[in-house]
Amino acid sequence: MVFLIILLVLTAIAAAAFAVWFITYKNSGKCPLCALQKLRRPTRVTMDIENEPQYSDSYALTPPMGWSSWNTFRQNISEELVLSTAEAVKNSGLLDAGYQYINFDDCWHSSLRDENGRLQGDLERFPRGIQPVIQEINRMGMKVGLYSSNGTLTCEDLPASLGREELDAETIASWGCEYFKYDFCHHKVISGEAPVIEALAISRPGEKAQLTLYPEDAELSGRARIMNIKKLPSGKGIGMLNHGAGRAVFRPTVNSAGKYVLTVMYYKQLATREQYLQFIINGKVFEVFFPTAKGFTPTGRAQVMIELREGENEMIVMNPVVTPADSSYIQYSRMGRALKEAAHKAAVEKGMREKPIVFSICEWGMAFPWHWGSRAGNLWRTTPDISANWKSIHMIYSHNIRLYRHARPGAWNDPDMLEVGNGKLTENENKTHFSLWCMMAAPLILGNDVRTFVSADGTPAENNPVLKTVTNKELIAIDQDALGKPAKRIKKVRGVDIIARPLEGGDIAVCFYNPSSGVKGFSLDLGEITADEYLEMPQQPSYQLHELWSGERFNAKTVSASLQKHESRIYRISRG
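The notes below deal with the structure included here. What you see as residue numbers is a count from 1 along each chain, following the sequence as written. With the structure being a predicted model, the display of local features is reserved for residues of pLDDT at least 70 and the display and counting of side-chain atom pairs for 80 or more, all residues being used for whole-chain, interface and lining totals. As a rule here, side-chain values come from all non-hydrogen atoms in the structure, and water together with hydrogens is ignored.

1. Looking at the sheet that holds strand β13 (residues 275-281)
Strands pair, by our definition, only if DSSP identifies at least two bridges between them. Think of it this way: any DSSP run of H or I at least four residues long counts as a helix, any run of E at least two long counts as a strand, and we number them from the N terminus. Read across the open sheet, the 5 strands follow the order β7-β10-β17-β13-β14; overall the sheet is antiparallel. Because the sheet does not close on itself, it has two edges, and the strands there are β7 (219-222) and β14 (284-290). Going across the sheet, the axis of each strand differs from the next one's by a mean of 20 degrees, ignoring polarity. By definition in these notes, contact holds between two residues if any of their heavy atoms fall within 4.5 Å. For helices, the fitted line uses only the C-alpha atoms of the stretch in contact; every axis is such a line through C-alpha atoms, and the angle between N-to-C directions lies from 0 to 180 degrees. Its contacts with the sheet put helix α8 (residues 324-350) on β13 and β14, and the angle it makes with β14 is roughly 130 degrees.

The structure is reproduced here in C-alpha cells:
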C-alpha cells in the first residue's frame, strides 16, 4: 500500500512537471509535440532527402583499395613510416594489384593549428610538412588520404574539423589529398531548438542595413506562425520553427549580386540550450548557431555572411533537425560539399586537372548511414571499429551482409579496414575475412605492416601467405566488379552461410562460409542458389565453377564441401 501511494505521488509530480514544461516551452514560441518526436526513432533521418542526388557518380565507382596506418601503428605515424610503407606497397606488387591509397589516420597532425588557423602535420614527425610527403608518394604512383573527425577533437584528442569544414577541406585539397576519412569522436549533435525571429536585416559589409524583413513579410507553412511575445520590442515574432515544425519563406530583392551580412534579431530568453537555424538562400545552405542565453536582456543579434543574386531571392528559414540522425546527415553533408568545392578550387588555382577527394564517412553506423550516406559521401562505416579477432570480424560481417541493397557504384557500405595479417588470425581466417569483404563489395583498406611483404633485396616476398591472400587477383576482381552489387545471404545449409552476388557479364560469385568452431559438411544443388531473383542467372542443367583459392575448375549441378573452422570456399559460376 505504501509503495502504491509513493508511486502515485511520483507520477503526479512527474505529470505536473511535464505540464509546466509543456506550457513554458509553448509560451517561449516553440512546438512541444515536435520536440518530443526525437524520442520515437532517434536513428531515422526525418528530413526530405529522397530527391537529393547521389554524392558521386563519376569516381569511387569501385570500392577504394589501399592501406591505413591505424590498425597496426595507432598513434605512431611519421613521415618515415608512410614513405617506407608506400615503397613497400609499390615493391611488393600491391600497387599493381590495385591498392592505390596511402591513408594517414589519426595523429598525422599537430595539436597546433598554424598562424592562419590551418591544420598542419606533427611538427616533429612530419618536419617537412604534409604536402612534400604527398607529392613524394604521388611520384611513386599512389594517392594519399588524410583523417579528421566530425567533432571538436579527433579520437586521439587532436584538432578536428567541426565548424572548420571549409578551411580544413581547402587545406588538404591544396596539398593534393585524394581520400578523406571523417570520424565521429567528440561529436556534437546539432540542436533541434530554434529561436523566435523578430526581424532580419540585410546589409553590405560595413554598411547600415538597406533592407529589413519583418514577420508579416514571410510566407509561413507547417506549424510556423506569428506569435505575441511581450518582451520583444515589437511585441511579436515568428515561432514554431523548432524540430522541423514549420518554415518561413522570405523573398528579399537587392540591386546587385554579392556578399551580404544577414543579421537575425531574435528572442533569446528561456533558451537553456543552443539553438539552430538554416537559411537556404537560392538553394545554398547557410547555418546560424545561437548560444544558450546568459545575458540579462531578452533580445539578441546573430550575424552570418550570405550570398544574394541581383533581383529577387528566395530565403527559406527553418530548423530541420528532429533526430540525432538529422544532425549527422547535415554535418557529414556539410563536409562533403566543402571537399567538392575545395577540390575544384584547388584545380582552378593550380591550373591542373581536378583531383576528386573520396569521402569516407566514419559515423560507426550510429545513425544508420546506409539510408543517407550515398547523398553525403562515397562510403560509410556500418559498424563500430573492427578488431583482429574472429568474433569482431564475424559480428561485423553478420551486420553488413544485410545491407546489400544500399550500396552501388560510387556509394559503398564500409565494414571497416582489413585485419588480414594482424593478431592471431589463422590462414583460414585471413582468407575468409578477405573473401567476405570482397563478396560484400567492401573497400579493401589493408591495416597490417605491409613492409613485411618485401624481401631484403627489395623484391616481393612471394611465399608470404598474407601477401598471397591480399593479392588474389580473382578475389579482387570480385570486389572490384563494375556491376557494384554486393553479396546477399541466400540461405544457411547445415550451419554454413551461403552468400552470393551477381557480376557484370552474367556470372555470379558464391561463397560458402563456416562460422562455427567445428567442421561442417554440405551438399547443395546450385539451382537452389540461382533461383534467387537478385542473382539474375537462369536455371541451367550444369554450371561452370571456378574455385578462387585453389584454382580448381569443373562443371557441375551440385557442389559439396567439408569446411574447417572459419573456412570458406568461393566460386565464380558461369552458365554451363
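2. Considering the pattern of salt bridges
Here a salt bridge means any side-chain nitrogen of Lys or Arg lying within 4 Å of a carboxyl oxygen belonging to Asp or Glu. The tally for this structure, following the rule as stated, stands at 26 salt bridges. In this structure, the salt-bridge partner of K143 is E178, at a minimum N-O distance of 3.9 Å. With K143 in strand β3 (residues 143-149) and E178 in the loop between α7 (165-175) and β4 (179-183), this residue pair connects regions lying 35 residues apart in the sequence. Note that K431 is salt-bridged to E427, the shortest N-O span being 3.7 Å. Linking K431 with E427, this pair stays in helix α10 (residues 427-439), spanning 4 residues, or about one helical turn. For every residue, the accessible area obtained with a 1.4 Å probe (protein chains only) is divided by the maximum for its type, and the residue is called buried under 20%, exposed over 50%, and partly exposed between those limits. Taking the relative accessible area as the measure of exposure, E427 reaches 47% and is therefore partly exposed. Through salt bridges with shared partners, a single ionic network connects E79, R128 and E136.

3. Side note on the side chain of D105
Examined against the element boundaries, D105 turns out to sit in the loop between β2 (101-103) and α6 (131-139). We call two N or O atoms a polar contact when they sit within 3.5 Å, provided that within protein one can donate a hydrogen and the other can accept it, with sequence-adjacent residues counted only if both atoms are side-chain atoms. For D105, the side chain forms a polar contact with the side chain of K181, separated by 2.9 Å. If sequence neighbours within four positions are ignored, D105 has contacts with S68, S69, W70, I77, Y147, K181 and M417.

4. Regarding the pairing of strand β24 (residues 508-513)
Among the 6 residues that make up β24, 6 are buried, leaving the element largely enclosed by the rest of the structure. Side chains I508, V510 and F512 project from β24 onto one buried face, and the interleaved A509, C511 and Y513 project onto a second face that is buried too. Relative to β24, strand β23 (residues 496-502) is paired through 6 bridges, and the arrangement is antiparallel. Looking across to β24, one finds that A500 is bridged to V510. Of the strand pairs in this sheet, β24 and strand β29 (residues 568-575) are connected by 6 bridges, and their pairing is antiparallel. Bridge pairing in β29 links F512 to R569.

5. Observations concerning the packing of aromatic side chains
In this description, an aromatic ring pair is defined by two values, namely the gap between the centres and the angle between the planes. Note on aromatic pairs: the rings of Phe, Tyr and Trp (six-membered ring only in Trp) are paired at centre separations within 6.5 Å, and the planes decide the class, stacked below 30 degrees, edge-to-face beyond 60, tilted for the rest. With the rule as written, the count across this model stands at 23 aromatic pairs. Considering the side-chain rings of F512 and Y571, the 5.8 Å spacing of their centres and the 80 degrees angle between planes classify their relative orientation as edge-to-face. Of this pair, F512 sits in strand β24 while Y571 sits in strand β29, and the two are 59 residues apart along the sequence. Side by side, F512 and Y571 carry an identical accessibility label, which is buried. Among the aromatic residues, ring-to-ring pairing joins Y55, F180, Y182, F184, Y329, Y332, F359, W364 and W372 into one connected group. Positioned above the aromatic ring of Y260, the side-chain terminus of R204 is 4.2 Å from the ring centre. The rule is short: NZ of Lys or CZ of Arg within 6 Å of the ring centre and within 35 degrees of the ring normal puts a charge over the ring.

6. Observations regarding the sheet that holds β4
Judged by pairing direction, the sheet is parallel, and its 8 strands sit side by side in the order β20-β19-β18-β4-β3-β2-β1-β21 without closing on themselves. At either margin of the open sheet sits one strand with a lone partner, and together these are β20 (412-414) and β21 (444-446). For this sheet, the mean angle separating the axes of adjacent strands, direction not counted, is 25 degrees. The sheet contact formed by strand β18 (residues 358-361) and strand β19 (residues 379-381) spans 2 bridges and is parallel. What sits directly across from S360, in β19, is L379.

That is the geometry; function is a separate question.
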